[in-house]
Amino acid sequence: MDFTFTEEQQAAVEAAKAVFAGVAPDGVPSPALTAGAVADDFDRALWSRLADADLLSLLLDDRHGGAGLDAVALCLVLRESAKVLARVPLLESTAAAVAVQTYGGEELQADLLVRAGRGELVLTVAANGRTGHDGAELAVTARQEDGAWVLDGLQTAVPWARNADFVLVPALSTGTGRSVLALVPRDHQGATLAEQISTTGELLGELHLDSVRIPTRDVIDADGAWEWLRNLLATGTCALALGLGERVLDITSEYTGKREQFGHPVATFQAVAVQAADRYIDLRAMEATLWQAAWRISTGAGGALPASGDVAVAKVWASEGVRRVVQTAQHLHGGFGADTDYSLHRYHAWAKHLELSLGPAAAHEEALGDLLAAHPLG
C-alpha cells in the first residue's frame, strides 16, 4: 500500500483549505445555551462556495461534471471541514450521489447528478437505523406493488433531513431479502419527519414511512449497493473525527503552551506532556486505519477480510480515539474548557455526535467479530 497522495488529491486539499479558511466554528449559537436547534438550515453560503470550488462534484465522473476522484480525496476534504465544524451535508450528499452514479439507472443519474454536483440538489442518507447496533436496512421494509416500491418503517437521526431535497433510504426487500436503496423526496405522501436534535445542536429528522410509494426507477436494488454506501459513510465519518481531533489537539497545545503554573508553561510538565503524547498516538492510529479503509474502498483491493472489516477497525479507532482526545483536552484546559465563549465545548459536542454516528465502537467491534468468524485468518 502506498498512502502518498496524488497531485489531484493534494489539489483538492488546497481547494478545501481555501474554502474553509473563513469559516468560524462559533458561527451559530452554542448548543449548550440553546434549548432547540442552533439553526434552521445548514450553511448555504458555504455550500455555494464548495460548489464553486467543484468540491461537491469531486467524486462524480466527468460526464456528470465531476473530477472523477475517489474516497481518499473525499476524506481529505472532510478532514479539513471538521477542523472548522463546517455545517454542511458534504459527506451525505456526496456519498448518496456516488451511490446513484455507481449503482443507479441512467435516467436517475441524468436527473440528479449534475444538479447535485452544482449544489442545486441536496441529498442525505438515512443510515443510522434505530439503535446504532442493527443495520439501518432492517428498520424499513420494501415490497414491490403495481410497478412501484412501497416502504414502511422508521429511520432515526437522519442528518439534514429537513433541508435535503431527497433522502436515500436503505430498506429490506420482503420479496428477496436483499437490501435496496430508495430515493424519497422530502415532501412525499406518507413520509413525515419528527424533529430530533443532535448533541451538536443541529436538526436531525426521525423519518416515518407509511406505505410510501416510490417509482421503480428511483430505487436501487443492485447487490452490494447499500454495503458499499454504508462503508463510504462510515469511512467519511472517520475522516471527520480525525480532522476534529487534530484541531482539538492543536487548540490544547496552544493553550497549555501559554498557560503558566509555578512560573512555567503547563505544557512543560511531564503529566501534561504524557497525556498529550497519548492523544497524538490515538490520532496517528486513527489516521492509519482511515487511509487503509479509504484505500480499500477506492481500489477494490482484496484482503484477508472484506473491506467492511477495515472500515470497522477504522470506526472503532475513530469513535474511541476522538472521545479520548476531547476528554483529555477538557481535562488539560481545566474549567476554561467548558467556557461557552471558548470553542472547545463545541468540538466536544461534535465529537460525541461523530462517536455515535453509524454505530458506536461496540457495534463495529461486533461487526468485526462476525467477519472474523466468517473469514478465519491464517
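Up top you'll find the structure we're talking about.
Chains are numbered independently. Their residues run from 1 in the order of the written sequence. Only residues with pLDDT of at least 70 are given local features in this predicted model, and only at 80 or more are side-chain atom pairs given and counted; all residues enter the totals for whole chains, interfaces and linings. Where side-chain values are given, they derive from all heavy atoms of the structure, hydrogens and water being excluded.

Asker: Got a minute to help me understand helix α7 (residues 270–299) in this structure?
Answerer: Side chains of residues three or four places apart in an α-helix project in the same direction, reflecting 3.6 residues per turn. Relative to the 44 Å expected for 30 residues at 1.5 Å per residue, α7 spans 43 Å between its end C-alpha atoms, a close match to the ideal helical length. A run of H or I in DSSP becomes a helix once it reaches four residues, and a run of E becomes a strand once it reaches two; helices and strands are each numbered from the N terminus. Among the residues trailing α7, Gly300 stands out with phi positive, at a value near 70°. In this analysis, the expected span of each helix is defined as 1.5 Å times one less than the number of residues it contains.

Asker: Which parts of the structure should I look at to understand the nonpolar core?
Answerer: As used in this record, nonpolar core signifies buried Ala, Val, Leu, Ile, Met, Phe, Trp, Tyr and Cys residues forming a set joined through side-chain atoms within 4.5 Å. Only protein chains enter the accessibility calculation, which uses a 1.4 Å probe; a residue whose area is less than 20% of its type maximum is buried, one above 50% is exposed, and one in between is partly exposed. Within the largest apolar cluster, 91 residues are counted, with the highest numbers of intra-cluster contacts made by Phe20, Leu50, Leu229 and Leu244. Examining the composition of this core, we find that 16 residues originate from one element, helix α6 (residues 225–258), more than from any other. Working rule for contacts: check all heavy atoms of both residues, and any pair within 4.5 Å makes them a contact. Discounting chain neighbours no more than four positions away, the residues touching Leu229 are Ala95, Ala96, Ala99, Val125, Leu168 and Leu181. By size, the runner-up hydrophobic cluster in this structure holds 20 residues, among which are Ala126, Leu151, Val158 and Leu207.

Asker: Mind showing me how you'd approach the state of the cysteines here?
Answerer: Throughout this description, disulfide means a covalent bond between two cysteine sulfur atoms. To count as a disulfide, a pair of cysteine sulfur atoms needs to be within 2.5 Å. Throughout the structure, instances matching the rule amount to zero disulfides. No disulfide involves Cys75; its nearest neighbouring cysteine sulfur is the one of Cys238, lying 8.0 Å away. Look at Cys75 and you get buried, because its relative accessible area is 0%.

Asker: Teacher, can you tell me more about α6 here?
Answerer: Over its 34 residues, α6 runs 50 Å from end to end, which matches the ideal 50 Å to within 8%, given 1.5 Å per residue. In terms of residue burial, α6 counts as a mostly covered element, since 25 of its 34 residues are buried.

Asker: Please clarify how unusual backbone geometry should be interpreted in this entry.
Answerer: When glycine is set aside, most residues are seen to have a negative phi, and most peptide bonds are trans. Positive phi, close to 50°, is recorded for Ala157, a residue that is not glycine. Of note, Ala157 is situated in strand β3 (residues 148–159). For Trp160, which is not a glycine, the phi torsion comes out positive at approximately 55°. Relative accessible area serves as the criterion here: at 8%, Trp160 is assigned to the buried category.

Asker: How do you make sense of the side chain of Asp310 when you look at a structure like this?
Answerer: Assignment of secondary structure puts Asp310 in helix α8 (residues 307–333). Pairing of N or O atoms within 3.5 Å defines a polar contact, subject to two protein rules: one partner must be a possible hydrogen donor and the other a possible acceptor, and residues neighboring in sequence count only if both atoms are side-chain atoms. Here the side chain of Asp310 touches Gln292 through a polar contact of 3.2 Å, side chain to side chain. A polar contact of 2.4 Å, which involves the side chain of Asp310, links it to the side chain of Arg296. Leave out the neighbours within four places in its chain, and Asp310 touches Thr289, Gln292, Ala293 and Arg296.

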